[in-house]
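Coordinates in review
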Amino acid sequence: MDAEKLRDMSQPMDVGLLDATVAAFYGTGSKEERNAADLVLRDLQNNPDMWLQVVHVLSNTNSLNTKFFALQVLEGVIKYRWNALPVEQRDGMKNYISEVIVKLSSDEISFRRERLYVNKLNIILVQILKHEWPARWRSFIPDLVAAAKTSETICENCMAILKLLSEEVFDFSRGEMTQQKIKELKQSLNSEFQLIHELCIYVLSASQRAELIRATLGTLHAFLSWIPMGYIFESPLLETLLKFFPMAAYRNLTLQCLTEVAALTFGEYYDLQFVKMYIIFMVQLQSILPPTTNFLEAYAKGSSEEQAFIQNLALFFTSFYKPHIRVLESSQENINALLQGLEYLINISYVDDTEVFKVCLDYWNSLVLELFEAHHNLDNPAASANMMGLQMPMIPGVGDGVGSQLMHRRQLYAGPMSKLRSLMICRMAKPEEVLIVEDENGNIVRETMKDNDVLVQYKIMRETLIYLAHLDHEDTERQMLKKLSKQLNGDDWTWNNLNTLCWAIGSISGSMVEEQENRFLVMVIRDLLNLCEITKGKDNKAVIASNIMYVVGQYPRFLRAHWKFLKTVVNKLFEFMHESHPGVQDMACDTFLKIVQKCKRKFVTVQVGENEPFVSELLTTLPATIADLEPHQIHSFYESVGNMIQAEPDPHRRDEYLRRLMELPNQKWAEIIGQARQSVDYLKDPDVIRAVLNILQTNTSAANSLGTYFLPQISLIFLDMLNVYRMYSELISTSIAQGGRYASRTSIVKLLRSVKRETLKLIETFLDKAEDQPHIGKQFVPPMMDPVLGDYARNLPDARESEVLSLFATIINKYKRAMIEDVSRIFEAVFQCTLEMITKNFEDYPEHRLKFFSLLQAIATHCFPALIHLSSEQLKLVMDSIIWAFRHTERNIAETGLNLLLAMLKNFQASEFCNQFYRTYFSTIEQEIFAVLTDTFHKPGFKLHVLVLQHLFCLVESVVMSEPLWDVATVPYPYPNNGMFIREYTIKLLSTSFPNMTATEVTQFVNGLFESREDLVSFKNHIRDFLVQSKEFSAQDNKDLYAEEAAAQRERERQRMLSIPGLIAPSEIQDEMVDS
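Note that this is a predicted model, so its numbers are computed, not measured. (Residues numbered from 1 in each chain as written. Predicted model: local features only at pLDDT ≥ 70, side-chain atom pairs only at ≥ 80, totals over all residues. Heavy atoms only, no water.)

**What to know about the overall build of the protein**
Counting its regular elements, the protein contains 51 helices and two strands. Taken along the three principal axes of its C-alpha coordinates, the protein extends 100 × 90 × 65 Å. Expressed as a percentage of the 1076 residues in the protein, the buried residues total 52%. Across the protein, contacts joining residues at least 24 apart in sequence account for 74% of those joining residues at least 6 apart. Put simply, the protein shows about 48200 Å² of open surface, and 53% of that area lies on carbon and sulfur atoms. Computed over 107 positive and 135 negative side-chain charges, the inter-centroid distance for the protein is 1 Å. (Helix = DSSP H or I, 4+ residues; strand = E, 2+ residues; numbered from the N terminus. Buried < 20%, exposed > 50% of the residue type's maximum accessible area, 1.4 Å probe, protein only. Contact = heavy atoms within 4.5 Å. Areas by Shrake-Rupley, 256 points an atom, 1.4 Å probe, with all protein chains shown as cover. Lys, Arg positive; Asp, Glu negative; His and termini not counted. Charge placed at Lys NZ, Arg CZ, Asp CG, Glu CD.)

**What about the packing of aromatic side chains?**
Following the criterion strictly, the structure yields 57 aromatic pairs and no others. Geometrically, the ring pair formed by Phe-223 and Trp-226 is tilted, given 5.0 Å between the ring centres and 40° between the ring planes. Measuring from centroid to centroid gives 4.5 Å for Phe-827 and Phe-831, while their planes differ by 15°, and the two rings are stacked. Here Phe-831 and Phe-827 lie together in helix α41 (residues 820-838), a separation of four residues that amounts to about one turn. Assigned by exposure class, Phe-827 and Phe-831 land together as buried. The residue whose ring lies beneath Lys-756 is Tyr-725, and the NZ or CZ to ring-centre distance is 5.2 Å. (Phe/Tyr/Trp six-rings, centres within 6.5 Å; stacked < 30°, edge-to-face > 60°. Lys NZ or Arg CZ within 6 Å of the ring centre and 35° of its normal.)

**Observations concerning the pattern of salt bridges**
When the charged atoms of two side chains lie near each other, side chains of opposite charge can form a pair. Applying the stated criterion across every chain, the model contains 54 salt bridges. Linking Lys-130 and Glu-168 is a salt bridge whose minimum nitrogen-to-oxygen distance equals 2.9 Å. Here Glu-168 lies in helix α10 (residues 152-171) and Lys-130 lies in helix α8 (residues 115-132), a separation of 38 residues in the sequence. An identical accessibility class is assigned to Lys-130 and Glu-168; each is buried. Glu-355 is the partner of Lys-358 in a salt bridge, and the nearest nitrogen-oxygen pair spans 3.5 Å. (Salt bridge = Lys/Arg side-chain N within 4 Å of Asp/Glu carboxyl O.)

**Section: the nonpolar core**
Within the largest apolar cluster, 357 residues are counted, with the highest numbers of intra-cluster contacts made by Phe-281, Phe-317, Tyr-321 and Trp-364. Among residues more than four places away in sequence, those in contact with Phe-281 are Leu-242, Phe-245, Leu-255, Leu-258, Leu-313, Phe-316 and Phe-317. (Core = buried A, V, L, I, M, F, W, Y, C linked by side-chain atoms within 4.5 Å.)

**A short note on the environment of His-578**
Mapped onto the secondary structure, His-578 falls in the loop between α30 (563-576) and α31 (584-604). Linking His-578 and Gly-740, residues 162 residues apart in sequence, is a C-alpha distance of 45 Å. Among the polar contacts made by the side chain of His-578, one reaches the side chain of Asp-628 at a distance of 2.8 Å. (Polar contact = N/O pair within 3.5 Å; in protein donor to acceptor, adjacent residues only side chain to side chain.)

**Description of the environment of Phe-233**
Counting through the fold element by element, Phe-233 comes out in helix α14 (residues 230-233). Given a relative accessible area of 9%, Phe-233 falls into the buried group. Spatially, the C-alpha atoms of Phe-233 and Gln-273 are 7.0 Å apart, while their sequence positions differ by 40 residues. Those residues in contact with Phe-233 that sit more than four places away from it in its chain are Leu-238, Val-261, Tyr-270, Gln-273 and Phe-274.

**Re empty space enclosed by the protein**
For the structure shown, the criterion picks out four cavities of 30 Å³ or more. Its boundaries defined by the atoms lining it, the largest cavity holds a volume of some 80 Å³. Tallying contributions element by element places helix α45 (residues 891-909) first for the lining of the largest cavity, with four residues. Tallied by class, residues from the lining of the largest cavity come to five nonpolar, five polar and two charged. (1 Å grid on protein atoms, 1.4 Å probe; cavity = no way out; pocket = protein on both sides within 12 Å on 5 of 7 lines; lining within 4 Å. Points joined across faces, edges and corners; volume = space filled by probe spheres on them. Nonpolar A, V, L, I, M, F, W, Y, C, P; charged D, E, K, R; others polar.)

**Some thoughts on the side chain of Asn-157**
Within the fold, Asn-157 resides in helix α10. Beyond its immediate sequence surroundings of up to four residues, Asn-157 is in contact with Ile-101, Ser-105, Phe-111, Val-118 and Asn-122.

**Looking at helix α21 (residues 354-376)**
The first and last C-alpha atoms of α21 sit 31 Å apart over 23 residues, in line with the 33 Å expected at 1.5 Å per residue. The residue sitting at the N-terminus of α21 and contributing the capping side-chain oxygen is Asp-353; that oxygen lies 2.9 Å from the backbone nitrogen of Glu-355. (Expected span 1.5 Å × (residues − 1).)

**Remarks on the packing of helix α24 (residues 452-471) against helix α25 (residues 473-488)**
Viewed as axis vectors pointing N to C, α24 and α25 meet at an angle of 115°, and their least axial separation amounts to 5 Å. Residues Leu-465, Leu-468, Ala-469, His-470 and Leu-471 of α24 pack against His-473, Thr-476 and Met-480 of α25. The class makeup of the residues in the contact of α24 with α25 is five nonpolar, three polar and no charged. (Axes fitted to C-alpha atoms, helices over the stretch in contact; angles between N-to-C directions.)

**A look at the packing of helix α13 (residues 210-223) against helix α16 (residues 251-262)**
The N-to-C vectors of α13 and α16 enclose an angle of 20°; their axes lie 9 Å apart at closest approach. By the criterion of interaxial angle, the relationship of α13 to α16 is roughly parallel. For the pair α13 and α16, the sense of crossing is left-handed. Contacts between α13 and α16 involve Arg-214, Leu-217, Gly-218, Leu-220 and His-221 from the first element and Leu-253, Thr-254, Gln-256, Cys-257 and Glu-260 from the second. For the contact of α13 with α16, the residue count by class is four nonpolar, four polar and two charged. (Parallel < 35°, antiparallel > 145°, perpendicular 65-115°, else oblique. Left-handed = near helix turned anticlockwise from the far one by under 90°.)

**Considerations on helix α5 (residues 64-80)**
Taking 1.5 Å as the rise per residue, α5 with 17 residues should run 24 Å; its terminal C-alpha atoms sit 25 Å apart, in good agreement. Thr-66, Lys-67, Phe-69, Ala-70, Leu-71, Val-73, Leu-74, Glu-75, Val-77 and Ile-78 are the residues of α5 that are buried. Packed against the buried residues of α5 are α2 (15-26), α3 (31-46), α4 (54-60), α6 (87-105) and α8. Regarding α5, its N-cap is Ser-63, as a side-chain oxygen of that residue lies 3.3 Å from the backbone nitrogen of Asn-65 further along.

**What about the side chain of Arg-421?**
Secondary-structure assignment places Arg-421 in helix α23 (residues 402-426). Arg-421 sits in the buried class, given a relative accessible area of 3%. Ignoring any residue separated from it by four or fewer positions in sequence, one finds Arg-421 in contact with Leu-468, Leu-471, Asp-472, Asp-475, Thr-476 and Gln-479.

Note that every value here comes from positions in space, so none of it alone points to a role or purpose.
Laid out in C-alpha cells, this is it:
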C-alpha cells in the first residue's frame, strides 16, 4: 500500500515515507526488506514524472541518502531529457539549485555540515551549465563572481564550481559532448576569464583564510593549462604563486600550479619570464630541500605531505625541461641552475617509488632521445640544426658551425648523462625472458606471474639505455665492466646488483659495432662463467645461471661469430638442464631454443677442430641430456633440435637426423601399437594413455620447427594415430552416454580427450607449417574425412572436439580452392550440429564458437562458390549465425563475425546473385549493425561496424544494384530509387531507437551518411559525433572509438625503431640467418 502511495505522482510525495524506504534500502534489516525497497526506488527512478517531485523532496527531507536519491533522478533528466523540457521548468530548476547552493554555502556552519550535499549540488549545477551556458545563461560567470565577493565561504564554493566546470570542459569532454559544443564552451570560458582571474588574484592577496586560499589554488591549478598566457605572465599571478611556495601549508598546491605553468609554451615570447621563474624557484628550493639531501632516505622516512612534495618536484622539473630546457642553455648562470636541477632530478630518480620513477624515466627517455637524434644526424648538419632548434646564441669563444654547437651541447650534458647511465644500470627492470626472481621472503624462486608494469618499464629503460650507449659507448662499457669486476671481487655482490647489471648488459645488445661488442662480451661472458665457478650456494648459483642465460640469449651475432663461445654456452645450458633449482631448467630450455633459432646453421656444419657437426654429437648424447627434464621441457628441447635439423641442406642427412631424433618416442610408440594389436584393452590403461599423449606432444613440437621436412615421421605414425583417435572417441562417447554430462569431467575422459586434441593439433601443425605442396593435402585429407569429420557429427555435443573445426579451417586456408568439392561434406558434418550447441546462449562451448566462425570465414574467403550452391534455408542459417556472432559480447567472436560478414558482402556483390542476396538481407544487416554500433558493449568493434555501414551505403546507389531493395508486393509506394528507400528506412529505424533525438537531428545524420560515404575518415567522424549526440556513449571511456588511429601510430613508431641499431633487440628481429 505504502509503495503504491509513493508511486502516485498526482500529488506531492510523502517525504517521510520516502525517507523510510531509502533507510530500509541502506539499512541492516532483512534481505527481503532491502529488496522490496530496492524495487520501489527503481520504479521511482524510472518514472518520467518523478523529477517533478525533486524540489519538494529536497525541501522537506533531512536524510542525506534521500537527497542523493532525488539528485540522482535529477541528474538522469539533465543528461538525457533536459533540452526537451519546457523553458519554465528548466528555469525553475536552475534557480532552485542555485538558491540552495548559495543558502548552504553562505554560512560557515551549514557549509561544513552539508559539505557532501553541496558538492553533489555543484556537480548538478555544472551538468545544467553544459546545456544552458553560454546561450541561455549569459550572466552566469558575472553572477558567480558577484556572489563570491559577498562571503568567504560562498567564495570557497564558487572556486569549487569553477574548478568542476573547467574539468568538465577541458578534461572530460571527449566523447561526452559534440566537437562543436566543446569549442563553444572553451571560447566562452576564455572570453570571460578576466573576471575569474581578478577574483583569484584578489583572494590570494587579501584573504587570510587557509581553506579559501587552498580552494583558490586548486581552481587555478585546473585553469592554468588553458587560459590566455597574458593572465599569467603579464599580471602579478606568478610572483604571488612564488611567494606562497616557501609556505609549508600551501607548498604542494603551489608547486602543482607552477608545474602547470612550466608545461606551457608560447614560442619565444615569454622565454625571459620562464627563466626568471626557474631561477627564483631554484633559490627557494635549496633552502627548503638542500641538494645534499639523501632523497632515498628522506622519501622513505617522510610524511605523506613530504612524499607528495618530492613527487610534485619530479613533475615540476620534467614539465619545465620538456619545453624550456634550451632557454636555460643560453648563459653560464642559467647553465649552472640547469645542471643543479638535473642533479635534483637524478637524485629523485633513485627514490623507491614506482610512480615517481615513471615520471622521471619518461623525461629521461625524451631528453636522451633528443640528444641522440642530434648526434645521429651529425652527418646531415642542416637536418640536425633544424631538429635541435639551434638559433640561440652560444657561449662566446666556442667555434662556429652547427657541428661544434652540437658537440658543445653534448659536452654540456656529458656529466649528467654519465650519472644517468649509472642510474639506469642500478635500477634496470626485469626483462620478460628472466624466470628466476627473488620473492618477498628473500628466497630465489621461479616467477609465477608476469608483471606487465615491469615489462613496460623495462621497454622504456632499455630504449633509454640504448640511446645513452650510442651517445658514449666507452663510458657505458667502462661503467658496466667496473660494476661487474665489483661483483667478482665481492665488493658489491648482491643478487639485485648482479641482476640489474646483467639485464642492462643484455638490453643494449645490437647498439655497438661488432668489433666493440666482441671485445666487451668476451670479458662479460668470461667473468660471468668465472663467477659461476667461484660462488658457492644453490640460490647464488641459480641467480648467476639465470643471468648468464639471459645475456647470451641477447647476443646471437656474437655467438654466430664465435663458435667456441657458442659451443661452451650450449654445453653450459645442457649442464643447467640437470639443475633442480626451480626455474633454471625452464630458462635453460627457453634460452637453448632462442639461440638455436638464431644460429641454427652453425650446428649442422662441421666447425674447425671438430670431427662431425654438433647436431650429430648432440643426437648421440640426447637421452642423457634430457634425463632430468620434465615432459614440457623435453618438448621444447625437441623443437630446438628440430630447428637445427631444418637448417641441414642435404635431404639424406636431414632424414637421418630426424630418424635419430625421433628414435626414443618411436620405440615407445611401436611398443604400444604392438601390444594394442594383441589386446585393444591395453590402450585403456591411464599410464598408456599418458604415454601416447606425451609421444604426440613430442611429435607436435618437432613438426612445429621442421614443417615440410617432418613428412617421413608423420607418414610413419599417421594411420595408427587415426585408429587410436577413433577408438578413444568411441570410449569417450560410451562413457558420456552411460554417465551423463558429469562423465565428461572424470579424469579418464579428460585424458582421452587430450589425446584426441593433441592428434588434431599435430595434424594441424604439420599441414599449416608444410610448404604449399598439394600432394601433401591429397595424402592426408581424404583419410581423415570419416575418422575425424564423421566422428564429430556422430558424437554427443559434450564429446565433440573444437579442434576439428580449427583443423579444417587451417586446411581450407592452406589448400584454398582445391577444397571446394569437400565443403558440402564439411558443412554436413559440422554445421547444423555445432549451431545447435552454440546458439542456446552466449556462454556454453566458448571454444567451439570462435573456431566455428573461423571455419566459416575460411570457407567464405577461399571457397565462396560452395556457399552459393547452398539452399536458401542453409544460407539463412549461415547469415543468422553471422549476425549472432557479431552480437556476441566476447570481443574476438564479435570481430570474427564482422570480418566474416564483410567477406560475404564483398563476395556476393561480385556474384550474379547480388540483387537477390541484398534484397533478402540488406535491411536486416543494417538494422543489426546499428543495434551493435549504438550499444556500448560492442565498442571495440567500432572500426568494423563503420566499414560494414560504408559498404552498404556505397552499394545502395551503385550500378550493381539494378533491382529494388524493397518488397514490391508489400510496399505500395514506388520509391524512385534504392537510395530514397534506404534513406527513409534508416530515418524511421533511428527515430524509433532514439526517441530523445529530434526528427531534424536524425535526418541530418542520415543525410550526412550519404554525403560522406566515399571518404572513410569523415564517414567515421560523422558516426562518432552521432554516438555522442545520441547520449548512448556519454560518461564512459571511449578510447575504443579511436583504436584505429592508435594502431597507425604504433606502426610508425616500429618503423622508426627499426632505423636505430639496437632499439629492436637482435634476438627479436626476424632475420634470415647470415651464419653461413
